[in-house]
Amino acid sequence: MEFLEKLGIEKNNFGACTGRKWYMPKTGELIAVSSPADGKLIAFVRPVSNEEYETVVKTAQAAFSHWRLVPAPKRGEIVRQIGLKLREHKEDLGRLVSYEMGKSLQEGLGEVQEMIDICDFAVGQSRMLHGFTMHSERAHHRMYEQYHPAGIISIITAFNFPVAVWAWNAMIAAVCGNVSIWKPATQVPLSAIATQKIIGKVLRENDLPEGIFSMITGEGSVIGESLLNDRRIPLISFTGSVPIGRHAAEVVAKRLGKTILELSGNNAVILTEHADLKLALPAVVFGAVGTAGQRCTTTRRLIIHDAVYDKVKSVLLKAYQGLRIGNPLDEKNHVGPLIGMGAVTAFNKALEAVEEQGGRILFGGDTLDGPGYESGCYVVPALVEAENDFPIVQAETFGPILYLIRYKGSVTNAIALQNDVRQGLSSAIFTTDMRQAEEFLAATGSDCGIANVNIGTSGAEIGGAFGGEKETGGGRESGSDAWKAYMRRQTVTINYGKEMPLAQGIRFDLEN
Ligand code: NAD
């Protein structure tokens, strides 16, 4: 395939990189990477061994001592050039993301665009690493806060955003003066390798040392574990599921390291009796079936007022019947494959469970086979009537299942249902009633990190801080002041007077 060649993806790929230099471990089983779109083998990757791991971390340590002294706007200039280089390779990288992960080509391209956008954002941020100044209570004293780079940041990413989540973290971390080590998900290492090759060009053109942007591939349980336990890495940014994120948090907390956690969602849209359904329903369908339900912000629960329930159900049934399922590289298709057979099994099991727990499958749930579906990863998105307190509804099943949940009475009841799950990532309300919208946004309203009015749950703009509450982990990344998490904060007090006022008026009369 031409785009693989253009991106430098070979049959056997090196599994570790320190920016420009690649390392091919001598031992270790090759990871075979195949596409969920057609089931075909794309290439092999040799996972990093302990020896290369040490080399990568030591190189990053050395790079940090240089990079933190480069003025922040000059670091921003390197990120600006990375953004330009990504623009040149957008088409090919977007195609690889789509082919390797299985999201639609438009979404693959959109993901690379997010990388470009965060580069632009980070360039501006590089001139705005502000601290506050405050008035001291002591005469002739000055106080202010400053932010210094933290060190090596490890970025462990989930399969569903093979490149964008890395960029959200790495570009902001870089302008802040940090170096990073990326561990992409095992299912999608080729998009990471291609990205690394693209940014390697910028590092070469600017004659920068090795170790500013590094990458290692391998199993989470092996190499991910090394990162979590490594005291040389003060901050782990982890994106993934709740069980593994919880484990990551425990391991890193044990050594009193820091984490940014971006974990599972269980996102709901509330449709009140005052919803503009023309606006709402396309957003709901896109939110539920886009990326085959494999977004952290996918709409999983639809909480519908009794007065509009039947209408919503019939429009959705019609919309689901018209969905085109197939190869994500074909722009005519709405729904691509799940990431692998494990995900298909989880989808089927969730549907069995919902029936056992008293729910009703209204549409979908089949696994497709035959021409075009050889990978075995294509399923028909499911519409299911359920109750919010079913155990299966309380869990995040990473696939296209939309639970329709009926509510009666005031919007307060809908908000209570929406909040009654353990996760807290994205939430939305559709209403034209200002009071309902404001109730949803009030302190007693949505308890999620993202709260949208008349916009679906899926996706987010890079300018805001992205992340969620409760079991979603509490981390924030991307825009707003998320950059602060990548820095160590220091309060500075300077005495420019001729006296030494001690706390609580204590005096030491020393002669000298
Ligand atoms: P996952 O938890 O299986 O894996 C995430 C990453 O952790 C991968 O890189 C994996 O290799 C690594 N890993 C596995 N075991 C590890 C260990 N012992 N130590 C360190 N790292 C280890 O998640 P996934 O299936 O790749 O992604 C889907 C999940 O990610 C969903 O739950 C989704 O909601 C979540 N997600 C959340 C966000 C967000 O921003 N909140 C974004 C994308 C995905």
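Residues numbered from 1 in each chain as written. Predicted model: local features only at pLDDT ≥ 70, side-chain atom pairs only at ≥ 80, totals over all residues. Heavy atoms only, no water.

Attention now moves to the environment of Gln-321. Summarising the element assignment, Gln-321 is placed in helix H11 (residues 306–321). With relative accessibility at 54%, the residue Gln-321 sits in the exposed group. Placed 163 residues apart in sequence, Gln-321 and Ala-158 show a C-alpha to C-alpha distance of 30 Å. (Helix = DSSP H or I, 4+ residues; strand = E, 2+ residues; numbered from the N terminus. Buried < 20%, exposed > 50% of the residue type's maximum accessible area, 1.4 Å probe, protein only.)

Under the definition given, this model contains one cavity of 30 Å³ or more. When its volume is computed, the largest cavity comes out at roughly 30 Å³. Residue lining of the largest cavity: Gly-102, Lys-103, Ser-104, Glu-107, Thr-291, Ala-292, His-334, Val-335 and Gly-336, and that is the complete set. Its residues assigned to classes, the lining of the largest cavity comprises two nonpolar, five polar and two charged. In this structure, the lining of the largest cavity is formed jointly by two domains, domain 1 (2–263 + 473–490) and domain 2 (267–461), each of which donates at least three residues. (1 Å grid on protein atoms, 1.4 Å probe; cavity = no way out; pocket = protein on both sides within 12 Å on 5 of 7 lines; lining within 4 Å. Points joined across faces, edges and corners; volume = space filled by probe spheres on them. Nonpolar A, V, L, I, M, F, W, Y, C, P; charged D, E, K, R; others polar. Domains from an automatic or database assignment.)

With that settled, the discussion passes to the domain arrangement of the protein chain. When its domains are assigned, the protein chain resolves into domain 1 (2–263 + 473–490) and domain 2 (267–461). Spacing between the C-alpha centres of domain 1 and domain 2 amounts to 31 Å. With 22 residues of domain 1 at the interface, the matching set in domain 2 holds 22 residues. Interface area, domain 1 with domain 2, both sides summed: about 1,800 Å², of which 60% is carbon and sulfur. We note a salt bridge from Glu-107 to Arg-295, for which the minimum N-O separation is 3.2 Å. For the interface between domain 1 and domain 2, the tally reads six residue pairs in polar contact (both at pLDDT 80 or more). Mapped onto the side of domain 1 that touches domain 2, the elements with two or more residues apiece are helix H4 (90–101) and helix H5 (105–125). Broken down by element, the side of domain 1 that touches domain 2 gets its largest block of residues, five residues, from H4. (Contact = heavy atoms within 4.5 Å. Buried area = accessible area lost by both parts, 1.4 Å probe. Salt bridge = Lys/Arg side-chain N within 4 Å of Asp/Glu carboxyl O. Polar contact = N/O pair within 3.5 Å; in protein donor to acceptor, adjacent residues only side chain to side chain.)

Within the open sheet, the three strands sit side by side as S1-S5-S4. Their pairing is mixed. Single-partner strands in this sheet number two, and they are strand S1 (12–13) and strand S4 (31–34). Summarising the sheet, S1 and strand S5 (residues 41–45) pair through two bridges and their orientation is parallel. Of the residues in S5, the one forming a bridge with Asn-13 is Val-45. The strands touched by helix H7 (residues 189–205) within the sheet are S1, S4 and S5, with S5 carrying the most contacts at an inclination of about 70°. (Pairing = 2+ DSSP bridges. Axes fitted to C-alpha atoms, helices over the stretch in contact; angles between N-to-C directions.)

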